[in-house]
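# Report on the structure
Here is how the chains run, residue by residue.
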Amino acid sequence: MPRSLTVRRAFTLVELLVVIAIIGTLVGLLLPAVQAAREAASRSSCGNNLKQIGLGFQSYHDSKKMLPWAGSDGPNQSCCNATVRAGWTWLFFLTPFLEEQNVYNQPDTTTGNAAVAATPIKVYFCPSRRQPMIYTSSSRADYAGNGGRAFAGNGDEGAFVRQWTAPGTTLPLTTPPRPGRRYAEIIDGLSKTVIAGEKQLHPTTQGSAGGDNEPWNNSGWDQDHQRFGSLLPQPDSQHPTSASPTFWSERFGGPHPGGVQVVMGDGSVRMVAYEIDATAWLNLCLVSDGQATATE
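Now for a description of the structure that goes with this document. (Residues numbered from 1 in each chain as written. Predicted model: local features only at pLDDT ≥ 70, side-chain atom pairs only at ≥ 80, totals over all residues. Heavy atoms only, no water.)

## Looking at the sheet that holds strand E4 (residues 194-198)
Here 5 strands make up an open sheet; going across it, the order is E5-E3-E4-E8-E9 and the pairing mixed. The open sheet terminates on both sides in strands that have one partner only, identified here as strand E5 (226-227) and strand E9 (269-273). Across 5 bridges, the pairing between strand E8 (residues 259-264) and E9 is antiparallel. Each residue of the ladder has a partner; that of Val 260, found in E9, is Val 272. (Pairing = 2+ DSSP bridges. Helix = DSSP H or I, 4+ residues; strand = E, 2+ residues; numbered from the N terminus.)

## Some words on the side chain of Arg 227
Structurally, the position occupied by Arg 227 is in strand E5. Summary of buried charges: Arg 227 has no salt-bridge partner, and the nearest side chain of opposite charge, Asp 224, is 6.5 Å away. Within polar-contact distance, the side chain of Arg 227 engages the backbone oxygen of Arg 251 at 2.6 Å. Not counting the four nearest positions on each side in its chain, Arg 227 is found in contact with Ala 144, Gly 145, Asn 146, Gly 147, Gly 148, Lys 199, Gln 200, Gly 211, Ser 249, Glu 250, Arg 251 and Phe 252. (Buried < 20%, exposed > 50% of the residue type's maximum accessible area, 1.4 Å probe, protein only. Lys, Arg positive; Asp, Glu negative; His and termini not counted. Salt bridge = Lys/Arg side-chain N within 4 Å of Asp/Glu carboxyl O. Polar contact = N/O pair within 3.5 Å; in protein donor to acceptor, adjacent residues only side chain to side chain. Contact = heavy atoms within 4.5 Å.)

## Description of unusual backbone geometry
Most peptide bonds take the trans configuration, and most residues that are not glycine carry a negative phi. Across the junction of Gly 74 and Pro 75, the peptide omega takes the value 0°, indicating a cis bond. For Pro 75, the position within the fold is in the loop between helix H1 (13-64) and helix H2 (90-93). With omega at 0°, the peptide bond leading from Cys 79 into Cys 80 counts as cis. The residue Lys 65 is not glycine, and still its phi comes out positive at about 65°.

## Observations concerning the side chain of Asp 142
When you line up the elements, Asp 142 lands in the loop between strand E2 (138-139) and strand E3 (143-146). Within the structure, Asp 142 has its side chain in polar contact with the side chain of Arg 129 (distance 3.2 Å). Among the polar contacts listed, one links the side chain of Asp 142 to the side chain of Arg 130, at a separation of 2.6 Å. In this view, Asp 142 contacts Tyr 124, Phe 125, Cys 126, Arg 129, Arg 130, Gly 197, Glu 198, Lys 199 and Leu 201; residues no more than four positions away in its chain are not counted.

## Some points on the pairing of E8
Across the 6 residues of E8, 6 count as buried, placing the element largely inside the fold. In terms of strand pairing, E4 meets E8 through 3 bridges, oriented antiparallel. Counted as the bridge partner of Ala 196 is Val 263 from E8. Once E8 ends, the chain turns through 4 residues before running back antiparallel as E9, passing Gly 267 with a positive phi of about 90°.

## Topic: helix H5 (residues 278-285)
Since the α-helix advances by 3.6 residues per turn, residues separated by three or four positions end up pointing in the same direction. Judged by how many residues are buried, H5 sits mostly within the fold: 6 of 8 residues are covered. Taken residue by residue, H5 has Ala 280, Trp 281, Leu 282, Asn 283, Leu 284 and Cys 285 as its buried positions. The inward-facing, buried residues of H5 abut E3, E4, E8 and E9. Two or three places before Thr 279, at the start of H5, stands the capping residue Asp 277, its side-chain oxygen 3.0 Å from that residue's backbone nitrogen.

## Comments concerning the packing of aromatic side chains
Applying the stated rule across the entire model yields 14 aromatic pairs. Each ring, one from Phe 57 and one from Phe 160, has its centre 5.3 Å from the other, and the planes form 55°; the classification is tilted. Of the two residues, Phe 57 sits in helix H1 while Phe 160 sits in the loop between E3 and E4, which places them 103 residues apart along the sequence. Here Phe 57 matches Phe 160 in class, with each residue buried. Aromatic side chains Trp 221 and Phe 228 sit 6.0 Å apart centroid to centroid with 65° between the ring planes, which places their arrangement in the edge-to-face category. (Phe/Tyr/Trp six-rings, centres within 6.5 Å; stacked < 30°, edge-to-face > 60°.)

## Observations concerning the pattern of salt bridges
Within this structure, the stated rule accounts for 11 salt bridges. Here Asp 236 and Arg 129 are joined by a salt bridge, their closest N and O atoms 2.8 Å apart. Of this pair, Asp 236 sits in the loop between strand E6 (234-235) and strand E7 (253-254) while Arg 129 sits in the loop between helix H4 (110-117) and strand E1 (134-135), placing them 107 residues apart in sequence. Judged by relative accessible area, Asp 236 falls into the buried class, the value being 6%.

By themselves, these observations are geometric and do not establish any function.
This is how it looks when you write it as structure tokens:
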């Protein structure tokens, strides 16, 4: 018997183009959703970092009866780091309370101090911005302490106090002359006072921009580890260029759309909108102005 012939109809060029266009449209609709989901996960992880840092502060205060020192130049030089470990940043002093005792226990020698600087601490990096890494010979941090109103205040109105207010004129000391901040001094209430938060950083000059160009453990009294309440928080996208001249941002801020994440004195983590009222934001950063402001 004669075999029947089956005629197979191929796609026309127009039909193929239509299919490609539909696929492109679907991908275009899906991509923002994927990016949003990824950012939500990174923001949640970043908030968890701040939660761990907040719990670390509470454990430190329970043990030492004060918060860590901020970080300072000196005691026998005025810039740009401390010459003794007692002048290192709060980020270093907190490590034993973040399961990083091995970093804290590095010997106080040239080699040991270099090893500390070159150790990335995972909890100090926001995954929305970057992964833990080393820049040349030292690591960085994406979080800064609340230094109060402004840089010139030496932390007197903030959560973290500068060790030496007149570095270069003080004899070398192993113990800073100023005590760290005590919770009892935060009279506005722990739940209404920012302790630390994300710092604003230029998105393309990470590791070298002003405010991100010093070792995480020893940057002096510097914007690398302290930010201030006299300026509203801003997203990274609004950070001025940091090529020449170098610009040191004193703002809190971050890579998240809509707001900056901060940890309060009670250990709770909040998202503060970039559009927050300037006076309300300053009140959140001053520990004893008597003007408590809720974040919710």
